[in-house]
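# Reading the structure
Residues per chain are reported as follows:
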Amino acid sequence: MKKEKHHSRIDIAFLIICAVLMYLPMSHISNAEISTKENRKFATWQPLITKNGKLNYNFGKDFDNWFNDRFFLRLQIVKMYSAMRYNMAYQYYETQKGFLNKKNNWMNNLISLNKYEVSREEQDEIIKNIQKLQEFCNKNEIKLYVIIPPIKEEICYKELYPILGHNDKYEKNIELINKIYDKTGLQIIYPFKELEEYHQTNYAYFKSDPHWTDDAAYLGYLQIMKEVKKDFPNIYINTENDFDYEYSNLVRVLPKNGFFEGRNYEVLKLHDKKVLDAKYKYYKHKDYKSLAYKSVFKDKIFHLHYQYNQYAPNLVLFGDSFSLNLLPAIVYSFNNTDNIYTYTLEGVSKYDRFNINRFEDEILQNNTNVLVICLSELKRLRYLYGKDE
């Protein structure tokens, strides 16, 4: 009898524990739509009965995805799981989205460089887009310059080995750049050699983030201004003496946004600050108090407006996140600078994201003299004039 009572109490306790464990995940459902740490959108709620009255046959799978993104204590569980996997890894820590070389603390996205391959059809589309953009600029007396910074995988392949090794992206880019010049007369600025040489003794790229550093972006700025000065001889090119400097082991892409651990660090869900073992130099213009600034988020695009030298030309800097690292120097060479930063949330077509046709009226309203396109891969030039993917 005592044994039966004892077993009965154990069974009741077991059932209570199971009930609590089943209830706990659903006790607080998150309403978040995006995860900045994971750099993605969460699954959205899909009802069993759709708006048009039809039955959603994927409801079970949809609900599972929605719940898995929102259950109570999810972030803590993900953090614990990531920490366990990280500590168990020996030389290389790898997830579905990135990896860390634990021997030197270099990180990167886990990608295939084949995604950057440009087909013959895409090359023709790029050339057609550049010709169209040249027509717009010539018609409105705007000088056009295009800079394509090398991506991290091109310059830092030795540090990222063996997950990513040497590649022939440089040779293929030079071949396409020469083809574009032959067809359009536009000489694309591609500072590969400058960054490759600089990276031998310094950091051209962040160890914990995909972007180029302030130092590398300053080299890109000098390459741009070298070309601009041919058309605007009186324009001022900032020297290193025009800046004060600060140093940090954290990453800063846009000065107004401050410092953080780095996008690769966040995507890997790391919680070990010891891997942030590099010191980066950051530029701050000595006359920064004279710079006027405002930010506008319009049509899912960030517009950053700067005003500095009233006697200089007006600039529109159109580009992806690599254009942001140019701002600490380039805004002090121009009067009005309008940085159209093509960042958007997921679910927006690349043809929509990089479609410069959407901003032609804005470019004209700014009395633009100089248009600089800064994109981190040549392939993105095919999206300059929109169409459905």
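An account of the accompanying structure is given in this report. Since the structure is predicted, the reported quantities are computational estimates derived from the model, not experimental observations.

Here the focus is empty space enclosed by the protein. In total, this model carries one cavity of 30 Å³ or more according to the counting rule given. As a volume, the largest cavity reaches approximately 50 Å³. Where the lining of the largest cavity is concerned, the elements lending two or more residues are α9 (214-231) and α11 (327-330). The element contributing the most residues to the lining of the largest cavity is α9, with four residues.

Okay, the nonpolar core next. Ranked by size, the top nonpolar core spans 82 residues in total, and within it L133, L371, I373 and L381 carry the most contacts. At seven residues, α9 tops the list of elements feeding residues into this core. With eight residues, the next largest nonpolar core counts Y93, L100, L270 and L276 among its residues.

As a further point, take the sheet that holds strand β4 (residues 98-101). Ordered by their spatial adjacency, three strands build an open sheet running β3-β4-β5, and the pairing between neighbours is antiparallel. Edge positions in the sheet fall to β3 (92-94) and β5 (106-109), since each of these pairs with one other strand and no more. Across this sheet, the average inter-strand angle for adjacent strands is 15°, counted without regard to direction. Sheet analysis places β3 next to β4, joined by three bridges and oriented antiparallel. Bridge pairing in β4 links Y92 to N101.

A separate point is the layout of surface pockets. The space that makes up the second largest pocket amounts to roughly 380 Å³. When contributions to the lining of the second largest pocket are tallied by element, the ones reaching two or more residues are β8 (280-285) and α11. Broken down by element, the residue count for the lining of the second largest pocket peaks at three residues, all from β8. Here the lining of the second largest pocket is composed, by residue class, of 11 nonpolar, one polar and four charged.

A word on the environment of Y383. Within the element layout of this structure, Y383 appears in the segment after β13 (370-374). By relative accessible area, which is 5% here, Y383 ends up buried.

Okay, the side chain of D214 next. Position of D214 among the secondary structure elements: in helix α9. D214 gets classed as buried once you look at its relative accessible area, which sits at 4%. A distance of 3.1 Å separates polar atoms of two side chains, one belonging to D214 and the other to R252. Dropping the residues within four chain positions of it, D214 is found in contact with R252, K281, Y282, Y283, N325 and P328.

Parameters at a glance
Residues numbered from 1 in each chain as written. Predicted model: local features only at pLDDT ≥ 70, side-chain atom pairs only at ≥ 80, totals over all residues. Heavy atoms only, no water. 1 Å grid on protein atoms, 1.4 Å probe; cavity = no way out; pocket = protein on both sides within 12 Å on 5 of 7 lines; lining within 4 Å. Points joined across faces, edges and corners; volume = space filled by probe spheres on them. Helix = DSSP H or I, 4+ residues; strand = E, 2+ residues; numbered from the N terminus. Core = buried A, V, L, I, M, F, W, Y, C linked by side-chain atoms within 4.5 Å. Buried < 20%, exposed > 50% of the residue type's maximum accessible area, 1.4 Å probe, protein only. Pairing = 2+ DSSP bridges. Axes fitted to C-alpha atoms, helices over the stretch in contact; angles between N-to-C directions. Nonpolar A, V, L, I, M, F, W, Y, C, P; charged D, E, K, R; others polar. Polar contact = N/O pair within 3.5 Å; in protein donor to acceptor, adjacent residues only side chain to side chain. Contact = heavy atoms within 4.5 Å.

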